[in-house]
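Structural features, examined
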Amino acid sequence: MEGDVTAPPLSNVDIEEQSEQSFSDTLDKLCAYYMAMGVPCSEFWDGDYTLLKFYVHKHKIAVEQKNEELWLQGAYFYEAMATALANAFSKHSNAKYPEKPHRLTELSEEEKKIEQEKMVADFRAQLIAARDRFDAKHKREQGGEDLGSRKPGI
Amino acid sequence: MAKSDRTKIEFDYDNKHYCLMYTANSLKKLEQRHGIKFAKLDEMVFSAPEVLFRGAFYANHPAESDSKIHEIYTSLKRSAEDSEKEFDEDGREVDQLTQTLASMLSEAVDELMGRGEKGNVSWKVT
């Protein structure tokens with residue numbers, strides 16, 4: 001889908017060629033258009049017309065925000081479907097729907113620091129777990145070797 | 001609140017301050033009451049400048065009498081005629097008052113039509 005959804009409906013109309021309708025009719029149509037953007041009726045008819053562009057700008061931002069919101073909703077839906085399908089069709093799937101929403105705003109310095117510390121702690125925990133697993137395996141193997149060496153003696 | 005940058009005509013006459021400007025409402029009244037054709041605005045500026053001047057009173061001084069407006073117009077026109085003359089593209093003489101009224105109208109129409117920033121105007125005023 002293409003096109004500017006925020007462009008005034010009559011912005012491209014050549015006023016010289018507007019023979020079919022009066023300028024008052026054009027203004028009535030424009031009033032409805034600006035009211036849809038949040039301009040009060042009295043503001044349109046009796047207010048400062050130079051402020052109308054700010055309402056248009058605000059409307060453009062709102063349209064973009066809505067568009068991003070819908071896109072995000074689609075992304076969450078996709079993720080939910082993917083998780084559900086992976087868990088339904090795969091025995092060994094560890095797919096999990098995110099526990100919390102995706103972060104949309106940039107992290108603050110403090111949050112970045114906390115996040116970094118958490119990553120370091122997680123990594124350290126993984127290293128310790130790996131070392132423990134290695135030690136346990138090593139012990140088992142040593143124990144096995146011991147048993148094996150003792151076997152002939154039994 | 002954003003600062004307004006619309007064109008206005010401000011003056012004092014008989015110890016009263018006047019601020020002339022156009023709104024969508026004044027444009028509608030200009031067309032409905034005075035038969036101003038916005039499609040032929042460049043012609044209207046020459047054929048009915050006083051009517052356009054009258055239209056600029058609707059926003060802030062709607063109760064001003066026609067005779068008073070005519071008096072003010074004559075007075076302003078006289079002083080405008082004394083100032084330096086300018087000519088439009090067709091070589092027609094334009095006084096400063098008429099020129100200002102024309103640019104105020106042009107600005108109002110453009111802003112209302114949402115093309116104030118683009119400058120995509122297919123009709124010209126002088």
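It should be noted that the structure appears before, not after, this text.
The sections below set out a description of the structure shown in this document. (Residues numbered from 1 in each chain as written. Chains lettered and ligands numbered in written order. Predicted model: local features only at pLDDT ≥ 70, side-chain atom pairs only at ≥ 80, totals over all residues.)

1. Brief notes about the overall build of chain B
For clarity, the cut-off: Here a strand is any run of E in DSSP of at least two residues, a helix any run of H or I of at least four, and the numbering for each starts at the N terminus. The burial criterion counts other C-beta atoms lying within 10 Å of a residue's C-beta, which is placed from the backbone; the residue is buried at 20 or more, exposed at 12 or fewer, and partly exposed between these limits. Placing C-beta atoms from the backbone, we regard two residues as in contact once those atoms come within 7 Å.
Looking only at helices and strands, one finds 5 helices and 4 strands in chain B. When its helices and strands are written in sequence order, chain B yields β-β-α-α-α-α-β-β-α. Counting over 126 residues, chain B shows a buried share of 33%. Summarising the internal contacts of chain B: among those between residues at least 6 apart in sequence, 54% fall at separations of at least 24.

2. With respect to the nonpolar core
In plain terms, the rule: As used throughout, a nonpolar core is a set of buried Ala, Val, Leu, Ile, Met, Phe, Trp, Tyr and Cys residues joined through C-beta atoms within 7 Å of each other.
If you look at the biggest cluster of nonpolar residues, it comprises 36 residues, and the most contacted ones within it are Tyr22, Ala56, Leu101, Leu105, Ala108 and Leu112 of chain B. Other than its neighbours up to four places away in sequence, Ala108 of chain B contacts Tyr49 of chain A together with Tyr22 and Leu27 of chain B.

3. Considerations on helix H3 (residues 52-89) of chain A
Counted only if it meets this: Helices are assigned an expected span. That span is 1.5 Å times one less than the residue count.
An ideal rise of 1.5 Å per residue puts 56 Å on 38 residues; H3 of chain A measures up with 55 Å between its terminal C-alpha atoms. Taking burial as the measure, the 38 residues of H3 of chain A include 1 buried ones, a minor fraction of the element.

4. Examining the environment of Phe44 of chain A
Along the chain, Phe44 of chain A falls in helix H2 (residues 41-46). Judged by C-beta crowding, with 23 C-beta atoms within 10 Å, Phe44 of chain A ranks as buried. Once the C-alpha coordinates of Phe44 of chain A and Tyr34 of chain A are considered, the two residues, 10 residues apart in sequence, prove to be 7.4 Å apart. Once residues lying within four places of it in the same chain are set aside, the contact partners of Phe44 of chain A are Cys31, Tyr34, Met35 and Val39 of chain A together with Ala24 of chain B.

5. Focus: the pairing of strand S1 (residues 9-13) of chain B
All names here are of chain B. Heads up, the condition is: By definition, two strands form a pair when at least two bridges between them are found by DSSP.
Among the 5 residues of S1, 0 are classified as buried, and the element is accordingly described as predominantly exposed. Where S1 lies against strand S2 (residues 16-20), 5 bridges are found, and the strand directions are antiparallel. Within the sheet, the bridge partner assigned to Phe11 lies in S2 and is Tyr18. The hairpin turn running from S1 into S2, its antiparallel successor, is 2 residues long, and Asp14 in that turn takes a positive phi close to 50°.

6. Here we look at helix H1 (residues 24-34) of chain B
Taken residue by residue, H1 of chain B has Ala24, Ser26, Leu27, Lys28 and Leu30 of chain B as its buried positions. Where the residues of H1 of chain B are buried, they touch helix H1 (23-36) and H2 of chain A together with helix H3 (49-55) and helix H5 (96-112) of chain B. A positive phi of about 65° marks Gly35 of chain B, the residue just after H1 of chain B.

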